[in-house]
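# Understanding the architecture of this molecule
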Amino acid sequence: MEAIAVREGLALASDLMLQQFRVASDNVNVIRSIQGDGRGLYGHIVHEIKARASSFELVDFVHEGRAANGDAHRLARSEKNM
């Protein structure tokens, strides 16, 4: 799901006509996959991410721990309880 979220983040950046931005994820495996060869269970999504990222001036993919993403984590937990 995190790889799909990254892909959707790139779609949003395109809609907003951004050219330079950072995509942060708390899933280190997804970030490593994007920065590496993109093989694995979700390799096809990583290839889409890489293809879409090449249309921007600069995209920085970074790993941030869950603690740095507190608002999103709380939102996800509250949606789960609905």
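These notes cover the structure that comes with them. All chains use their own residue numbering, which begins from 1 and follows the written sequence. A pLDDT threshold of at least 70 governs which residues receive local features in this predicted model, and a stricter bar of 80 or more applies before side-chain atom pairs are shown or counted, although totals over entire chains, interfaces and linings include all residues. Side-chain calculation: all heavy atoms of the structure are included, whereas hydrogens and water are not.

## Points about the packing of aromatic side chains
Paired rings are identified among Phe, Tyr and Trp, the last through its six-membered ring, by centres lying within 6.5 Å, and are further divided according to the angle between planes into stacked (under 30 degrees), edge-to-face (over 60) and tilted (the rest). As enumerated under the stated definition, the model contains one aromatic pair in all. Between Phe21 and Phe56 the ring centres are 4.9 Å apart and the planes differ by 90°, which places this aromatic pair in the edge-to-face class. Of this pair, Phe21 sits in strand β1 (residues 20-25) while Phe56 sits in the loop between α3 (43-53) and β2 (58-63), placing them 35 residues apart in sequence. Residues Phe21 and Phe56 agree in their burial class; the two are buried. For the purposes of this entry, the term helix denotes a DSSP run of H or I that reaches at least four residues, the term strand denotes a run of E that reaches at least two, and both are numbered from the N terminus. The buried label goes to any residue with under 20% of its type's maximum accessible area, the exposed label to any with over 50%, and the partly exposed label to all in between, with areas taken from a 1.4 Å probe on protein chains only.

## Thoughts on a nonpolar patch on the surface
Surface patches are drawn from residues lacking salt bridges whose relative accessible area is over 30%; two like charges belong together within 9 Å, two nonpolar side chains (Val, Leu, Ile, Met, Phe, Trp, Tyr) within 5 Å. For accessible areas, the Shrake-Rupley method is used with a probe of radius 1.4 Å. Any residue's cover is judged against the shown protein chains and nothing else. Salt bridges are counted wherever a side-chain nitrogen of Lys or Arg sits within 4 Å of a carboxyl oxygen of Asp or Glu. Nonpolar side chains collect at one region of the surface, where Leu12, Leu16 and Leu18 lie side by side and expose about 270 Å² of accessible area between them. Here Leu12 lies in helix α1 (residues 2-15). Judged by its relative accessible area of 49%, Leu12 is partly exposed.

Bear in mind that shape data such as this cannot, by itself, settle questions of function.
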